[in-house]
Structures are given as C-alpha cells and as structure tokens.
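Examining the three-dimensional arrangement
Here are the chains, one letter per residue:
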Amino acid sequence: MEVTSSYLPSLQKYVGYLEGIYARCRLTNNGPLACELAARLEDYLGVRNLILVSNGSAALELAYHALDISGSVVTTPFSFPASSSVPAWNGIDPSFADIDPHTWNIDPDQIESAIRSDTTAISPVHVYGNPVDDVRVSAIARRHGLRVIYDAAHCFGTRKAGRSILDQGDASAISFHATKTFHTIEGGAVIFRDDAICERARRMINFGFDAVTGDIVDLGTNLKMSEVHAAMGLAVLDDVDYILSHRRHLLALYMHKLGDYVQCQRIDAEVTNGGGYMPIALADTATCERVYQHLGNLGIATRRYFHPSLDTTVPYARFGTTRYSRDIADRVLCLPLHTKLSPNDVETVCTAVLAGIRDTAPRLVSLAGIV
Ligand SMILES: Cc1ncc(COP(=O)(O)O)c(C=O)c1O
C-alpha cells in the first residue's frame, strides 16, 4: 500500500486536450489551456490574481521576488525544505520561530522574538493544510512593517468558514505537484493581494517582458506553466470534488479509529480539512520508528514527513533552534491517503498502527494529557 498515489484523470479526456495542443502547435508561453486553467481555478477557489507557475517552489520564489523581500524572513523549521530553501537560495536568511505544539504551525507568540533588524517578511506554513491564525500574523506584520507570504503548498482543499484560505497575506503560494490533492504533474500558483504586484509578477515569470509592448521592464526568469501541464490540471479539476470527498471520508475514518490513541493536529472547528495528509504523532521517536517498521513489514508505506526538523540539518542549523518543532518532527508519521485507498484499507492501516503502539499506548494517553 503506497503512502501517496497520483490521481490520474480519464486518459481519453487528457488525450483530447493533447490533440488540441497538437492542432494549435502552441506548447507554452501563456497558452489557451494555461489561461483557461487559471480562470477556472480562480472561480473554483473564489480568489483573484492567481498566477500559474512551473512548481510550488517557483511559486514561493515568485512571491519573494515580486514583493521585493530581502534580508531575512521569519518562518518555521517544521516543514518541507522548500519553505526555507527557496528564501535561502535567493539570499534571504530564514529565521526560525518555533511551532505551537498543538497546531504544529508557527506559533504567533514566537514570531516577534525571531524578527531580526533585516527582517522584511514572515512566511508561515499552513502545515498539512491546517490554517495559521492569519489575524494574529497580520497584526504582527503590520506592527513591524513586514510582508506576509503564506506557504500554502498543502491548502488546495482547505476552507475556513466556508472560504478558501488562499487569499490571505500579501501572497499565498501553492503546489500542484503530482502527489497533491489537485495537481498538474508539476506546477503551482501564487495568489497576490495587490493588483499592481500581481501584474509585475506576471512579467517576472516571463523574463520581465511586458505582455503588450514586448519591452523588458522587470527583472525576471522563466517560471511559466506549459500547456501539457495545464491540460492535466484541467482534466484533474473536473474530478476534484470527488477527490476531496473521497479523501475527507478516509480522513474521518482514520480519526474515528485512531483519534483516541495518537496525537493529531488541533484544527479549528470552522475549518474544512483539505484532505491532503493524515499525520499522526506517536509517543516518542522509538515508537514512531517501531510503527514505521511494523507497517513497512506489512507492506504499508508511511512517511516521516516532516522529519527532521530543518533546524537540525546542516544547511539550516544556523538559523535558529527550536523545541517543539524538533519534538513533533521526531514523532510524526504520515499514513497512506489517496483515492486508490478504500475504507477497508484504512481499517487495515489503523489495526496495524494500534498493534504497533500497543506497548506504549498507556504512555500516550498520559502524554496527550500534558501536550
Ligand atoms: C510546505 C511545502 N512548501 C513547498 C513545497 C514545494 O512544492 P513543489 O514540490 O511543487 O516545488 C512543498 C512540496 O511538497 C511543501 O510541502
């Protein structure tokens, strides 16, 4: 059993789009399929100023450049490397703030102490699609004159009080990687708050060319999404309601079976889970490793995602030290979640997890009391 599996839409439908690409001989450069996908995504998500790009890391990179971020950015080490590697790769130091041990997101109370004299932005991650407290982050950003770039890589399906969270901050960057709930094989998008910055970003993804005059008016590079990738996105988008409901159904089953035995993220009642991941934290690292091994022996793949905490790794160790990020990273395991799984498969995984933690379950119950 795989931990994740890419959703494949109808081949016939995908080939239909490819035939159109062949007929037009238009493969990239803001082609008709990319335009159609951007418009349909804005409509589906209820957002504006959405720019498609070649992957989720490119989405973050575009946001950093379009918003002129320099110096350092406050972010979380409990994330995929891209959250820190993109700014660092672009000469911007990550400055780590610890996470909240309940939500596993950046702790708003820790942000201000991570602000340095050269900090120009905060980049919280909605970890596994769990929304960060945007009201508190915005207040801190306003107080210190900082930009906010959300790493919303996991948030395609997340809704708060019935609305997408992708229009929060100055920019939100999302990944459409093949393993994500909605995907374009490789791809991503940025949603900008400000119209003028969005227009600038549109030029930046195509070497700074002005789309009308052809003049080079901005610094830019190539971050464009091709027509072939947009075609996959259009085909997947037709099925995305089914994908989300299937994944949410499996998540509910997982929570029902495991909720009393493992630690899960605290998620506000007004949040509709995007169905991206099923992360659990075990009692300690040894239990986590044992469960990982036990499930692996049964042919059930799980993933220690995100492990290790980035502040323990060579490239990022100098950017701060955290307590809770390390703690959760050492105990977290993502369980299988994708559309090929059935409710019976979830039962099988849960039975295996419970067998794996049997020895330590009493400890976990007491741990749940203090964490
Ligand atoms: C939190 C986070 N940010 C950024 C990315 C980068 O996205 P991509 O792989 O599309 O470049 C990922 C990828 O999974 C991610 O998990």
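Residues numbered from 1 in each chain as written. Predicted model: local features only at pLDDT ≥ 70, side-chain atom pairs only at ≥ 80, totals over all residues. Heavy atoms only, no water.

1. Notes on the environment of Thr28
Structurally, the position occupied by Thr28 is in the loop between α1 (11-24) and α2 (32-45). Judged by its relative accessible area of 31%, Thr28 falls in the partly exposed class. (Helix = DSSP H or I, 4+ residues; strand = E, 2+ residues; numbered from the N terminus. Buried < 20%, exposed > 50% of the residue type's maximum accessible area, 1.4 Å probe, protein only.)

2. Topic: the domain arrangement of the chain
What the domain assignment lists for the chain is domain 1 (11-238) and domain 2 (240-370). Relative placement of domain 1 and domain 2: their C-alpha centres are 26 Å apart. Every contact between the two is made by 37 residues of domain 1 and, on the other side, 41 residues of domain 2. For the pairing of domain 1 and domain 2, the buried interface totals around 3400 Å² over both sides, and the portion due to carbon and sulfur atoms is 62%. The three residues of domain 1 that bury the most area against domain 2 are Trp104, Tyr128 and Thr181, which together make up 22% of that side's buried surface. Between domain 1 and domain 2 we count zero salt bridges in total. Linking domain 1 with domain 2 are 20 residue pairs in polar contact (both at pLDDT 80 or more), by the criterion used here. For the side of domain 1 that touches domain 2, the element with the most residues is strand β3 (residues 93-96), which contributes four residues. Along the lines of polarity and charge, the residues of the side of domain 1 that touches domain 2 split into 20 nonpolar, 11 polar and six charged. (Domains from an automatic or database assignment. Contact = heavy atoms within 4.5 Å. Buried area = accessible area lost by both parts, 1.4 Å probe. Salt bridge = Lys/Arg side-chain N within 4 Å of Asp/Glu carboxyl O. Polar contact = N/O pair within 3.5 Å; in protein donor to acceptor, adjacent residues only side chain to side chain. Nonpolar A, V, L, I, M, F, W, Y, C, P; charged D, E, K, R; others polar.)

3. What about the site of the ligand?
Lining the immediate environment of the ligand, one finds 16 residues, of which Gly56, Ser57, Asp151, Ser175 and Lys180 sit closest. Note that an oxygen atom of the ligand is positioned 2.8 Å from one of the side-chain N or O atoms of His154. Tyr305 is positioned with one of its side-chain polar atoms (N or O) 3.0 Å from an oxygen atom of the ligand. Calculation on the ligand without its partners gives an accessible area of 380 Å², and the protein chains cover 93% of this total. Elements with a contribution of two residues or more to the shell around the ligand: α3 (56-66) and α4 (82-89). Counted by class, the shell around the ligand contains five nonpolar, nine polar and two charged residues. (Near = heavy atom within 4 Å. Areas by Shrake-Rupley, 256 points an atom, 1.4 Å probe, with all protein chains shown as cover.)

4. Looking at the nonpolar core
Residues Leu37, Leu41, Leu50, Leu52, Phe156, Phe176 and Phe182 are the most contacted members of the largest nonpolar core, which totals 33 residues. A per-element tally of this core places helix α8 (residues 227-238) first, with seven residues. Those residues within four positions of Leu37 in sequence are excluded, and the remaining contacts are Leu52, Phe182, Thr184, Met225, Ala230, Gly233, Leu234 and Leu237. One finds Ile149, Ala171, Phe192 and Ile205 within the second-largest nonpolar core, a separate group that totals 27 residues. (Core = buried A, V, L, I, M, F, W, Y, C linked by side-chain atoms within 4.5 Å.)

5. Looking at the sheet that holds strand β7 (residues 163-164)
Strand order in this open sheet of three strands is β7-β6-β10, and the pairing throughout is antiparallel. The open sheet terminates on both sides in strands that have one partner only, identified here as β7 and β10 (271-272). Bridge analysis of strand β6 (residues 159-160) against β7 gives two bridges, and the strand direction is antiparallel. Counterpart to Arg159 in the pairing with β7 is Ser164. (Pairing = 2+ DSSP bridges.)

6. Remarks on α2
Counting along an α-helix, one turn takes 3.6 residues, and residues three or four places apart therefore face a common direction. Across its 14 residues, α2 extends 20 Å between first and last C-alpha, which sits within 8% of the 20 Å expected from 1.5 Å per residue. Residues of α2 that are buried: Leu33, Ala34, Leu37, Ala38, Leu41 and Leu45. Here the buried residues of α2 occupy an arc of 135° about the axis, which is enough to place them on one side. Buried residues along α2 sit in contact with α1, β1 (50-53), β7 and α8. (Expected span 1.5 Å × (residues − 1). Arc of directions from axis to C-beta.)

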